[in-house]
Amino acid sequence: MATKRKTAASAPPAQISESVPAALSPSVESASVLVDTGAEVILRTNFAVVEQDSIALLHAASLLLDADTAEKVNVALDHNLKLWIAIKAVLVNEECPVEPEVKANLRNLAQYVVNTTMEATGGTIEERRLVSLSRINMSIAEGLLRGQQNKMIQDRAYEIWEAEGRPDGREQEHWLRAESEVSVSLKN
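*Asks:* Is there a simple way to explain the pattern of salt bridges in this structure?
*Replies:* Once their charged atoms are close, side chains differing in charge can pair, the charge on each being opposite to the other. Inspection of every chain in the model, using the stated rule, returns 12 salt bridges. Glu-164 is paired through a salt bridge with Arg-170; the nearest N and O atoms lie 2.7 Å apart. Overall, the relative accessible area of 31% leaves Glu-164 in the partly exposed class. Given the relative accessible area of 28%, Arg-170 is considered partly exposed. The partner of Arg-177 in a salt bridge is Glu-164, and the shortest N-O contact between them spans 2.9 Å. Of this pair, Arg-177 sits in helix H8 (residues 171–187) while Glu-164 sits in the loop between helix H7 (127–163) and H8, placing them 13 residues apart in sequence. Salt bridges here are not isolated pairs; linked through shared partners, they connect Arg-156, Glu-159, Glu-164, Arg-170, Glu-173, Arg-177 and Glu-181.

Put into structure tokens, the structure is as follows:
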């Protein structure tokens, strides 16, 4: 099933300005366009605050999945496009803490998102494409959170190892204990 997408030419004037990715326009006035898009989160965090970045990705995924009218499809695709343009912009920043191989993969995903969104400007987009874009966002968010959890476990295991006098041969015991503690703390 294909869903109609409004193009910039058919959108009311207020939406035309919002459909232009603010990440491409460096002026202060255009920064206000990013409000509530998730893109400002990525630009502010430099893709280094896992919880906030994950929430931005999950929100965009939710918008895509809930898009059941042409208007909602338009809003969801524009929102997602801005988010991924911001991700792509942050990835070129040398201060971005993402590993080079992951950066390359994210840049490829960003290009896929841009291409898929641009194809939709022809007037329709298949529902499976919206689901695909949504799944990308959910997978990246899940990966970010899983990586953050592993880092927390690693840090806690190191603390346990140090507190016990740095004994040899107890890495697995320390890891499992740290894993349990982190799991409990995340549930609370």
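*Asks:* Just checking my understanding: could you explain helix H6 (residues 100–120) for this structure?
*Replies:* Since one α-helical turn is 3.6 residues long, residues separated by three or four positions face the same way. Taking 1.5 Å per residue as the helical rise, H6 with its 21 residues ought to reach 30 Å, and the 30 Å between its terminal C-alpha atoms agrees with that figure. By the burial criterion, the buried members of H6 are Lys-103, Leu-106, Ala-110, Val-113, Val-114, Thr-116, Thr-117 and Ala-120. Mapping the buried residues of H6 onto a view down its axis gives an arc of 165°, with all of them on the same face. In H6, those exposed residues whose orientation departs by more than 90 degrees from the buried face are Pro-100, Glu-101 and Asn-108. Looking at the buried positions of H6, the neighbouring elements they touch are helix H5 (70–91), strand S2 (124–126) and H7.

*Asks:* Could you clarify how one ought to interpret H8 in this entry?
*Replies:* Taking 1.5 Å per residue, 17 residues should reach 24 Å; H8 reaches 24 Å between its end C-alpha atoms and fits that length. Among the residues of H8, His-174, Ala-178 and Val-182 are the ones counted as buried. The buried residues of H8 occupy an angular sector of 60° when the element is viewed end-on, so they sit on one face. What points out from H8, more than 90 degrees from its buried face, is the exposed set Gln-172 and Lys-187. Each element contacted by the buried residues of H8 is listed here: H7.

*Asks:* Sorry if this is basic, but what is going on with the packing of H6 against H7 here?
*Replies:* In a packed pair of helices, the relevant descriptors are the angle between the two axes and the axis-to-axis distance. As a packed pair, H6 and H7 sit with axes 11 Å apart at the nearest point and diverge in direction by 155°. Classed by the angle they form, the pair H6 and H7 counts as roughly antiparallel. Note that H6 runs across H7; the crossing there is left-handed. When H6 is examined against H7, the residues Leu-106, Leu-109, Tyr-112, Val-113, Thr-116 and Glu-119 are found in contact with a partner set consisting of Arg-129, Ser-132, Leu-133, Ile-136 and Ile-140. Of the residues that constitute the contact of H6 with H7, the class distribution is seven nonpolar, two polar and two charged.

*Asks:* Would you mind showing me how to read the confidence of the model for the chain here?
*Replies:* Atomic detail in the predicted coordinates should be set aside for any region of low pLDDT. Confidence in the prediction of the chain, expressed as mean pLDDT, is 79, and 79% of residues score 70 or more. Note that pLDDT drops below 50 for residues 4–36; the model gives that stretch 46 contacts with residues more than four away or on any other chain.

*Asks:* Please explain a nonpolar patch on the surface as it appears in this structure.
*Replies:* Taken together, the side chains of Leu-58, Leu-65 and Met-138 define a hydrophobic patch exposed on the protein surface, amounting to about 240 Å² of accessible area. Along the chain, Leu-58 turns up in helix H4 (residues 50–66). Here Leu-58 falls in the partly exposed class, since its relative accessible area comes to 38%.

*Asks:* What exactly am I supposed to notice about the environment of Thr-45 here?
*Replies:* Along the polypeptide, Thr-45 turns up in helix H3 (residues 39–45). Counting along the chain gives 45 residues from Thr-45 to Val-90, while the straight-line C-alpha distance between them is 9.1 Å.

Conventions used here
- Residues numbered from 1 in each chain as written.
- Predicted model: local features only at pLDDT ≥ 70, side-chain atom pairs only at ≥ 80, totals over all residues.
- Heavy atoms only, no water.
- Salt bridge = Lys/Arg side-chain N within 4 Å of Asp/Glu carboxyl O.
- Buried < 20%, exposed > 50% of the residue type's maximum accessible area, 1.4 Å probe, protein only.
- Helix = DSSP H or I, 4+ residues; strand = E, 2+ residues; numbered from the N terminus.
- Expected span 1.5 Å × (residues − 1).
- Arc of directions from axis to C-beta.
- Contact = heavy atoms within 4.5 Å.
- Axes fitted to C-alpha atoms, helices over the stretch in contact; angles between N-to-C directions.
- Parallel < 35°, antiparallel > 145°, perpendicular 65-115°, else oblique.
- Left-handed = near helix turned anticlockwise from the far one by under 90°.
- Nonpolar A, V, L, I, M, F, W, Y, C, P; charged D, E, K, R; others polar.
- pLDDT = per-residue confidence, 0-100.
- Patch = residues over 30% accessible without salt bridge, like charges linked within 9 Å, V, L, I, M, F, W, Y side chains within 5 Å.
- Areas by Shrake-Rupley, 256 points an atom, 1.4 Å probe, with all protein chains shown as cover.

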